[in-house]
Amino acid sequence: MDNRAEVREFLISRRAKITPQQAGLPDVGTRRVPGLRRGEVAALAGVSVEYYSKLERGALGGVSASVLDALARALQLDDAERGHLFHLAHAADGTSAGMRPRRRPSKRWTPRPSLQWVLDKFTGPAIVRNGRMDLLACNQLGRAMHASLYDVADPHPNFVRFTFLELDAARAFYADWEVAADTCVAILRTEAGRDPHDKELHDLVGEVSTRSEDFRRRWSAHNVRSHGAGTKYFHHRDVGDLELAYESVDMISDPGLTLTFYAPEPGSPTAQALDLLASWTTPTTTYH
């Protein structure tokens, strides 16, 4: 990525989202573009207009943490956006190289036997993915739940390619495709800020950008998000609608990987649907 362009576009996009009313400022004069003026952001952050303009042109190298914090407050960034701003600053001053994992998990990564045992002991769907949204490992119910992804890319499915390049299957699988698409791109954009030198990620973005206007539009919005916990809605072709709580955790033992567990509300229609799906799923794992 061009770091200066990433910084410029991110700051401009965040500034455009804040109205004077949200910032507690009077709305004076005609505004040529949405959101706050540069001078208003500078005043809120406690820096000069000239200095903020320099930052918005992409010059984040060497900027102190206190100034970045002030910018985050002025632009009302959430935790994911604030983290992204700091990652962009680290990339600008070169410190991101020392913060990257010693190795990037590749598509050919395979789970340790002990990790697979953990996945298989969990009764709900469980998956492991990397920041590029490659689906790397799962338990039997996780694979059955994501059968649509494996149908189009076995053994190495990718959520980004599935969501934007397999539209019929993706729109059938996600109960709200628009929300799923927004989330998918925001997670990928977050990873791009965290590890700007990941060539495979760049290649993935280039590939999908050339083939999907839906992806290009979302990528250009520069939205980011953390993916910790919540509720997701799916439609499985065999057992119908699924409403699942999920918890995602970063894997300390495998930097760059995320482990996600899904669970239905006990006694719910989703729990019954998963029980039915599990009864149709034959274990194939062989332990050595």
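So, here's what we can say about the structure. (Residues numbered from 1 in each chain as written. Predicted model: local features only at pLDDT ≥ 70, side-chain atom pairs only at ≥ 80, totals over all residues. Heavy atoms only, no water.)

### Notes on the pattern of salt bridges
Convention followed: Salt bridges are defined by distance alone: a side-chain nitrogen of Lys or Arg within 4 Å of a carboxyl oxygen of Asp or Glu. The helix and strand labels rest on DSSP assignments: H or I over at least four residues marks a helix, E over at least two residues marks a strand, and numbering proceeds from the N terminus.
Here the structure, examined in full by the defined rule, presents 23 salt bridges. Ionic pairing is found between Asp182 and Arg218, a salt bridge with its closest N-O pair at 2.6 Å. Pair noted here: Asp182 is in helix H13 (residues 177–194) and Arg218 is in helix H15 (residues 213–220), with a separation of 36 residues, a long-range link. Lys199 is the salt-bridge partner of Asp203, the closest N and O atoms lying 2.8 Å from each other. Of the two residues, Asp203 and Lys199 are both situated in helix H14 (residues 199–211); the distance of four residues between them amounts to about one turn of the helix. Residues joined by salt bridges that share partners form a network here, namely Asp27, Arg31, Arg37 and Glu40.

### Digging into the packing of helix H3 (residues 38–45) against helix H5 (residues 65–74)
Inclusion rule: Fitted lines through C-alpha atoms serve as axes, helices being fitted only where they are in contact, and the angles separating the N-to-C directions of these axes extend from 0 to 180 degrees. Between 65 and 115 degrees an angle is taken as roughly perpendicular, under 35 as roughly parallel, over 145 as roughly antiparallel, and anywhere else as oblique. In this scheme the handedness of a crossing depends on how the near helix is turned from the far one: anticlockwise by less than a right angle means left-handed, clockwise means right-handed. Residues count as neighbours in contact if any of their non-hydrogen atoms are within 4.5 Å of one another. Residue polarity follows a fixed list, in which Ala, Val, Leu, Ile, Met, Phe, Trp, Tyr, Cys and Pro are nonpolar, Asp, Glu, Lys and Arg are charged, and the others, Gly among them, are polar.
Packing of H3 against H5 leaves a shortest axis separation of 8 Å and a crossing angle of 120°. Classified by the interaxial angle, the pair formed by H3 and H5 is oblique. In the crossing of H3 with H5, the sense of the turn from one axis to the other is right-handed. Residues Val41, Leu44 and Ala45 of H3 touch H5, and the partners they reach there are Ala70, Leu71 and Ala74. Among the residues making up the contact of H3 with H5, the classes are represented as six nonpolar, no polar and no charged.

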